[in-house]
Amino acid sequence: MTKKLFIKTWGCQMNVYDSARMADVLAPLGYQPVDEPDGADMVILNTCHIREKAAEKVFSELGRLRQLKDRKAEAEDGRMILAVAGCVAQAEGEEIVARAPFVDMVFGPQTYHTLPEMVAKASRAAGSVLNTDFPAESKFDFLPEEAASQGVSAFLAVQEGCDKFCTFCVVPYTRGAEFSRPADQILGEAKRLVAGGTREINLLGQNVNAWHGDGPDGSTWGLGRLIRELAEIDGLERIRYTTSHPRDMADDLIRAHAEVPQLMPYLHLPVQAGSDRILAAMNRKHTADDYRRLVDRLRTAKPDLAMSGDFIVGFPGESDADFAATLKLVTEIGYAQAYSFKYSPRPGTPASVDGAQVPEEVKESRLAALHQLLNAQQVAFNHSFVGRSVPVLFDRVGRRGGQLLGRSPWMQSVHAEANERLLGRIVEVRVDAALANSLAGTVVTGEYITASPFQPAVTLEASA
Ligand code: SAH
Ligand code: SF4
Ligand code: F3S
């Protein structure tokens, strides 16, 4: 009998990947994904603990789900197994069990391969199953092969966890120590993805550029080498990786940007702040000038490289002058796109007990100023494409009929009127307009760059 599985995902791309893996583990037990929690036999909240607001949402969502669970029981429609996974489960597992005893399973990111056992236990007994272990074995050795197609653009986790211990961050505690999957496992997964229609792979890791895996030849590979090997896979048109730390940007990886055409000219390289004093207090272990030099080297290797980043404003002790240094760095680097956050004190992290917390209204006004600057850069970047043709990999059907959505090499979201047979293909699109977060374009007729995984290669007629 098929059972309905609803997974709600918050947080980073790793969580999106993990949610897909959980669905893979549960499929042999009869669970099939559905789009809404009402009536579901299992609901999993895959949670994020990175900032306060992210964690709060979990408890309010649980309140709503409890009603659905009760309603299902009253209707004698079977039992809804309610589960909390992800980083809030890891960090606050016991608190969840205490505050929300109607939750059946609470388990951390390193335990997903044991889901069948947890489900069996939860089905047998009342009370919550709690599993926040960091098992000795790697879950990647036990997770089943991913379901046939993961879409045109897919995530592939190559690295997980973090040993850097930035003083603001929970990730080293919620995901555990840095772990790199072996190269052959990654290459095997990549080949299966491509066979299933994937044309773009985004390599994932909390510190993806720290990846160093055992190569099939017995030597240790770095990410640059892995990317070169992936580029040999026939049909894999685009490769990306995220998120990187400035300290792990190896020479060979920088060279790969110059030498591997499939490696896209877009890099998410968070710097967090522009003041050396704050960077030191954050334990980032590099200076603002180190970052400037690194970006220079990257742009020398790949002149059209679009930069993205993350910034935190209002870190404890941040003065007006420190914040001005962040604005200065942003102005100098020029970002195509970036994320900025107000510092959020996280339980258990060193910065949260720093006496020099910055008042909320100061954080607000700094965030607004930084946002304005980053937004202006993004708008200018996007506008510089109007009138140009860009190769777009169409990966989704648009919400409006007859429209496809895809991405430019620089990660811009592009939409255009296009026939569905262009899904999975890289097509030249002339950019007509730049909107706040996307580009609108027209397919340049008569030209296509790659064969579609879903359709035989054809030459386009006038009305693509
Ligand atoms: N591993 C990545 C980032 C992971 S968290 C890296 O090292 O860059 C994603 C982003 O969330 C971080 O880059 C940071 O900008 C932000 N972040 C993390 N902890 C935060 C906190 N306590 N308050 C506000 N923003 C935070
Ligand atoms: Fe968090 Fe720093 Fe590790 Fe990134 S490098 S995950 S910000 S501790
Ligand atoms: Fe959030 Fe965990 Fe990712 S805290 S950002 S889901 S690693």
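Nothing here was measured: the structure is a model prediction, and the numbers come from that model. (Residues numbered from 1 in each chain as written. Chains lettered and ligands numbered in written order. Predicted model: local features only at pLDDT ≥ 70, side-chain atom pairs only at ≥ 80, totals over all residues. Heavy atoms only, no water.)

> Tell me what's going on with the UniProt feature "binding site: [4Fe-4S] cluster 1" (unreviewed entry) in the protein, and back it up with residues and numbers.
In the numbering used here, UniProt assigns the feature "binding site: [4Fe-4S] cluster 1" (unreviewed entry) to C12, C48 and C87. Taking the farthest pair of C-alpha atoms as the criterion, the annotated set spanning 76 residues converges on one region, since that pair is 10.5 Å apart. Within the secondary structure, C12 is located in the loop between strand 1 (3–9) and helix 1 (13–26). Inspection of the secondary structure assignment puts C48 in the loop between strand 3 (42–47) and helix 2 (52–74). A relative accessible area of 11% places C48 in the buried class. Here C48 is in contact with W10, G11, N15, A54, A55, C87 and V88, once residues within four sequence places are set aside. (UniProt positions renumbered as here; feature names shortened; annotations may be inferred. Helix = DSSP H or I, 4+ residues; strand = E, 2+ residues; numbered from the N terminus. Buried < 20%, exposed > 50% of the residue type's maximum accessible area, 1.4 Å probe, protein only. Contact = heavy atoms within 4.5 Å.)

> For helix 2, give the residues involved together with the corresponding values.
Counted at 1.5 Å a residue, the expected span for helix 2 with its 23 residues is 33 Å, and the 34 Å between its end C-alpha atoms agrees. Burial in helix 2 covers these residues: A54, A55, V58, F59, E61, L62, L65, L68, K69 and K72. Residues of helix 2 that are buried in the fold lie against strand 1, strand 3, strand 4 (81–85) and helix 3 (86–99). One or two positions beyond helix 2, positive phi appears at E76, with a value near 50°. (Expected span 1.5 Å × (residues − 1).)

> If you had to explain the pairing of strand 4 to someone new, which residues and values would you point to?
Within strand 4, 5 of the 5 residues are buried, which leaves it mostly tucked inside the rest of the structure. A two-sided burial pattern is seen for strand 4, the buried positions comprising I81, A83 and A85 on one face and L82 and V84 on the other. After leaving strand 4, the chain enters helix 3 and then returns to the sheet as strand 5 (residues 105–107), a path that is right-handed. (Right-handed = clockwise from strand over helix to strand, strands pointing away.)

> Quick rundown of the site of ligand 1? Include the residues and the values.
In the neighbourhood of ligand 1, 15 residues make up the surrounding shell, with F168, Q206, Q272, D310 and S344 lying closest. Note that a nitrogen atom of ligand 1 is positioned 3.0 Å from one of the backbone N or O atoms of F168. Within the side chain of Q272, a nitrogen or oxygen atom sits 2.6 Å from an oxygen atom of ligand 1. Of all elements in the fold, only strand 15 (306–313) and strand 16 (337–342) reach the threshold of two or more residues within the shell around ligand 1. Classifying every residue of the shell around ligand 1 gives 6 nonpolar, 4 polar and 5 charged. Each of domain 2 (145–264) and domain 3 (272–384) accounts for three or more of the residues forming the shell around ligand 1. (Near = heavy atom within 4 Å. Polar contact = N/O pair within 3.5 Å; in protein donor to acceptor, adjacent residues only side chain to side chain. Nonpolar A, V, L, I, M, F, W, Y, C, P; charged D, E, K, R; others polar. Domains from an automatic or database assignment.)

> Explain unusual backbone geometry residue by residue, including any values.
Cis rather than trans, the peptide bond between T242 and T243 has omega equal to 0°. One can find T243 in the loop between strand 13 (238–242) and helix 8 (251–259). Even without glycine at this site, F165 takes up a positive phi of about 50°. Position of F165 relative to the elements: it lies in the loop between strand 8 (159–160) and helix 5 (171–174).

> Describe the site of ligand 2, and please don't skip the residues or the numbers.
Near ligand 2, the surroundings consist of C162, K164, F165, C166, F168, C169, V171, P172, N207, H245 and R284. Among the residues making up the shell around ligand 2, the classes are represented as 7 nonpolar, 2 polar and 2 charged.

> Explain the domain arrangement of the protein to me, using residue names and the numbers behind them.
Looking at the assigned domains, one finds that the protein contains domain 1 (3–131), domain 2 (145–264), domain 3 (272–384) and domain 4 (389–459). Taken together, the contacts link 5 residues of domain 1 with 5 residues of domain 3. Across the domain 1 to domain 3 interface the summed buried area is about 460 Å²; carbon plus sulfur atoms make up 48%. The three residues of domain 1 that bury the most area against domain 3 are H49, R51 and E52, which together make up 81% of that side's buried surface. Summed over the shared surface of domain 1 and domain 3, the number is 0 salt bridges. The class makeup of the residues in the side of domain 1 that touches domain 3 is 2 nonpolar, 1 polar and 2 charged. (Buried area = accessible area lost by both parts, 1.4 Å probe. Salt bridge = Lys/Arg side-chain N within 4 Å of Asp/Glu carboxyl O.)

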